[in-house]
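Descriptive analysis of the structure
Given next are the chains, with one letter for each unit.
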Amino acid sequence: MNLSMLWENRPQAAAVILFGIGLATLLLNQNLIRKIIGFSFMDSAVFLFLASEGYIAGRAAPIQNPASPLPASAFVNPIPAGLVLTGIVVSVSVTALMLALTVRLWQRYHTLNLDEIIRLARREEE
Amino acid sequence: MLWWQNLPFLSILLCLLASAGCSLLPGRISRHLARGVLLLCILGSASLTAGLLRSGSGAFVFWMGHFPAPWGNEIRAGVLEGVCACLFPLIMLCALTAGRGALAEGTASRRENLYDAVCMLLMSALLAQVYSNDLFTCYVFLEIMTLSACALIAFRNSGPSLAAAIRYMVLNLVGSGLFLLSLVLLYDLTGHLLMENLHDSVRALAADGAHHRSLTIIIALMTVGLCVKSALFPFHSWVPDAYSAGVPSSNAILSSLVSKGYILLLLKVYVRVFGWDTVLASRVDLLLLGFSLAAVIYGSLAAMRAAHLSRMTAWSSVAQIGYIFLGLGLGTGGYAAAVFHLISHAFAKSLLFLSGDRLREAGGGSDRLADLTGAARRDPVSAVCWSAAALSMVGLPFTGGLVSKLLLGMEALHHSLPVRIAVLAVLALSTLLNVCYFLRTLLVLWSPGREASPLRESGRRLFPVHAACGVLALGVLGTFLGASPLLELLTRGLAQF
């Protein structure tokens, strides 16, 4: 394994590590709020990955001035930025729905522990 | 451009608009709006399929707003998409019609219009998933589908349904996170998001051999992500709660539409983006085969132990999803079997949930198997429908289930000896297990039980439920009687998929 390669791609490496942290929190932590934070971590990591892939050192933001048009090679890749924007919208709505469900569950069971909630819900169902 | 080529886009747009409309209108109007739009979608997709078949030209590409592909958004429709776009609204229509009474009981009736709004949103996401030719658009609609499915589970607003919804969300978010990561990695590797361009790049990469490891990781992540979302065996833990906690129409929609949408997307990714050779080279097919065989056995065993009718039906979903993935895991030859089972299972499972709820009513409001003794005598129509669906699950003649099991078994014969033995043994064993728990339930239902108490509802109120169940039962029968034309249609659709 080439360490210099890892150093060259450090934003991406960091993003994948963050993704792992988020995934582990989402799956393993029993606290609902922490689960939601884990989810945000996971999605933000993907956005970091995309943004760092789209950035090309030494180039400008892709905004064309009609008075003095520049060639496409003067700009960074705009598509990842667009994808990140869309992704953020999706991520915000998912977070909102999760938080709304968490509020409902808190009002009903007065706990944020998912195992506990499932146990109480099972008992209610019986 | 021919007129029917606008239909895919129009049906997606119509569902979206209807969703917005339903959220504003009172329940008694929104119900008719939703049903009308679904009916239009069915008619539209049917004429699309007819148009495609008559012109004989194969799939076509539609640029939204006439902007060519990398800038605009692209829709691609062929025979397979047309068939799926007919099937999905049909099942949604039946579920909405049959589940209306239970919906009014289970929730504050003022909010019935929101249920229609969520269903229409789900429908538009499903249709967009079916038609879209752009991987990122697929991701966005995948998330919309997850959100609306979660709303459907939580709609009853009881403790168990909220808990089921949050469990559903957690695992589905893992699935979509993995899908998004693999999508981003793939974009990173190829620089494309459009499926045709991706296919060319992936072929070039695979031929080059330099990025074998990266491609394997991407295929594995994407497969696992979509397996989590469609509840393949080791990732099924949310299924029994999610499929039994909601109102009956939610259960039917979730089990027969939402999970199918994800599977269809996986099939699309395999066919249009990677190609089966690349998947084979990554050995992900072994993963699919192993998981699906385990799912078939585990789901059936768990269903045998279930004490409630709805839970038993939910567990049998785990097994049936296993069959569909088994078809995918068998490769190009198994695709037709997978899609065929997708269709026959969509009919049978929604029928099981909807008529099962009527039997719960007939059993005095409890769906414990012990309380259902003689329920068939109190509501014979629902019981006949339930029995038809159960026989399809087992795979008896005159039901679609038989055809899909035969197709899977025949396809397995083309594979190496260990695969052949494993698949045939699992098919035989699971049929045996299915017979055990479905026939046991059938005997309970049809045996003479407590004295027949008259049903609470009048025949007039029951008519829509029975009509919807009847349509679905005809679907179960029709997938058997019309198996060869349907299969021909699917093979043709897959060839141009």
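Rules of the game
Residues numbered from 1 in each chain as written. Chains lettered and ligands numbered in written order. Predicted model: local features only at pLDDT ≥ 70, side-chain atom pairs only at ≥ 80, totals over all residues. Helix = DSSP H or I, 4+ residues; strand = E, 2+ residues; numbered from the N terminus. Rg over C-alpha atoms; globule rule 2.2 N^0.38 Å. Buried ≥ 20, exposed ≤ 12 C-beta atoms within 10 Å, placed from the backbone. Contact = placed C-beta atoms within 7 Å. Nonpolar A, V, L, I, M, F, W, Y, C, P; charged D, E, K, R; others polar. Axes fitted to C-alpha atoms, helices over the stretch in contact; angles between N-to-C directions. Parallel < 35°, antiparallel > 145°, perpendicular 65-115°, else oblique. Left-handed = near helix turned anticlockwise from the far one by under 90°. pLDDT = per-residue confidence, 0-100. Expected span 1.5 Å × (residues − 1).

1. Digging into the overall build of chain B
Each helix and strand counted, chain B has 20 helices and 2 strands in total. Its C-alpha radius of gyration of 22 Å places chain B within 12% of the 23 Å reference for a compact globule of 497 residues. Taking all 497 residues of chain B together, 60% fall into the buried category.

2. What to know about the overall build of chain A
Along its length, chain A carries 5 helices and 0 strands. Ordered by position from N to C terminus, the α and β elements of chain A give α-α-α-α-α. Scaling as 2.2 N^0.38, a compact globule of 126 residues should have a C-alpha radius of gyration of about 14 Å, whereas chain A reaches 21 Å, well beyond that. Principal axes of the C-alpha set define a box for chain A whose edges measure 70 × 45 × 15 Å. Buried positions account for 24% of the 126 residues belonging to chain A. The long-range fraction of contacts in chain A, counting pairs at least 24 apart against all pairs at least 6 apart in sequence, stands at 51%.

3. Re the interface of chain A and chain B
Chain A puts 31 residues into the contact, and the matching count from chain B is 21 residues. Elements that contribute at least two residues to the side of chain A that touches chain B include exactly helix H2 (10-28), helix H3 (32-54), helix H4 (78-109) and helix H5 (114-125) of chain A. With 12 residues, the single largest contributor to the side of chain A that touches chain B is H4 of chain A. Here the side of chain A that touches chain B is composed, by residue class, of 22 nonpolar, 2 polar and 7 charged.

4. Looking at the packing of helix H16 (residues 380-394) of chain B against helix H18 (residues 417-446) of chain B
Residues and elements named next belong to chain B. Put simply, H16 and H18 touch, their axes get as near as 9 Å, and they point 170° apart. One finds that H16 runs roughly antiparallel with respect to H18. Considering the relative orientation of H16 and H18, their crossing is left-handed. Contacts between H16 and H18 involve Ala383, Ser387, Ala390, Met393 and Val394 on the former and, on the latter, Thr431, Asn434, Val435, Phe438, Thr441, Leu442 and Leu445. When the residues that make up the contact of H16 with H18 are grouped by side-chain class, the tally is 8 nonpolar, 4 polar and no charged.

5. Quick word on the environment of Lys35 of chain A
Mapping Lys35 of chain A onto the fold places it in helix H3. Overall, the presence of 23 C-beta atoms within 10 Å leaves Lys35 of chain A in the buried class. Distance from Lys35 of chain A to Leu23 of chain A, taken between C-alpha atoms, is 9.0 Å for residues 12 residues apart in sequence. In this view, Lys35 of chain A contacts Thr25, Leu26 and Asn29 of chain A together with Val170 of chain B; residues no more than four positions away in its chain are not counted.

6. Topic: the confidence of the model for chain B
For chain B, the average pLDDT comes to 88, and 97% of its residues sit at 70 or higher. Here the predicted complex carries an ipTM of 0.93, next to a pTM of 0.93.

7. Re helix H5 (residues 135-154) of chain B
For H5 of chain B, built from 20 residues, the straight-helix expectation of 28 Å at 1.5 Å per residue is met to within 8% by its first-to-last C-alpha distance of 29 Å. Taken across its 20 residues, H5 of chain B has 18 buried, putting it largely inside the fold.

8. So, helix H14 (residues 332-362) of chain B
Residues and elements named next belong to chain B. Taking 1.5 Å per residue as the helical rise, H14 with its 31 residues ought to reach 45 Å, and the 45 Å between its terminal C-alpha atoms agrees with that figure. Among the 31 residues that make up H14, 29 are buried, leaving the element largely enclosed by the rest of the structure. One or two steps after H14, the chain reaches Gly364, where phi turns positive at roughly 85°.

9. A short note on unusual backbone geometry
Residues and elements named next belong to chain B. We note that Asn157 has phi near 65°; this positive angle belongs to a residue other than glycine. The topology assignment puts Asn157 in the loop between H5 and helix H6 (159-190). For Asn157, a count of 14 C-beta atoms within 10 Å translates into the label partly exposed. Positive phi values are uncommon outside glycine, yet Phe398 reaches one of about 70°. Among the secondary structure elements, Phe398 is positioned in the loop between H16 and helix H17 (400-412). In this structure Phe398 comes out as partly exposed when scored by C-beta crowding, with 13 C-beta atoms within 10 Å.

10. So, the packing of H14 of chain B against helix H20 (residues 483-495) of chain B
All names here are of chain B. Packing of H14 against H20 brings their axes to within 10 Å, and their N-to-C directions diverge by 125°. As the angle between them shows, H14 and H20 are arranged oblique. Helix-helix and strand crossings are classified by hand; for H14 and H20 the assignment is right-handed. Contact with H14, carried on its side by Tyr335, Ala336, Val339 and Phe340, involves Leu487, Leu490, Thr491 and Leu494 of H20 and no other residues of that element. When its residues are assigned to classes, the contact of H14 with H20 shows 7 nonpolar, 1 polar and no charged.

11. Some words on the environment of Arg76 of chain B
All names here are of chain B. Here Arg76 is to be found in strand E2 (residues 74-77). Arg76 sits 54 residues away from Val130 along the chain, and the two C-alpha atoms are 8.8 Å apart. Among residues more than four places away in sequence, those in contact with Arg76 are Ala59, Val61, Tyr131 and Asn133.

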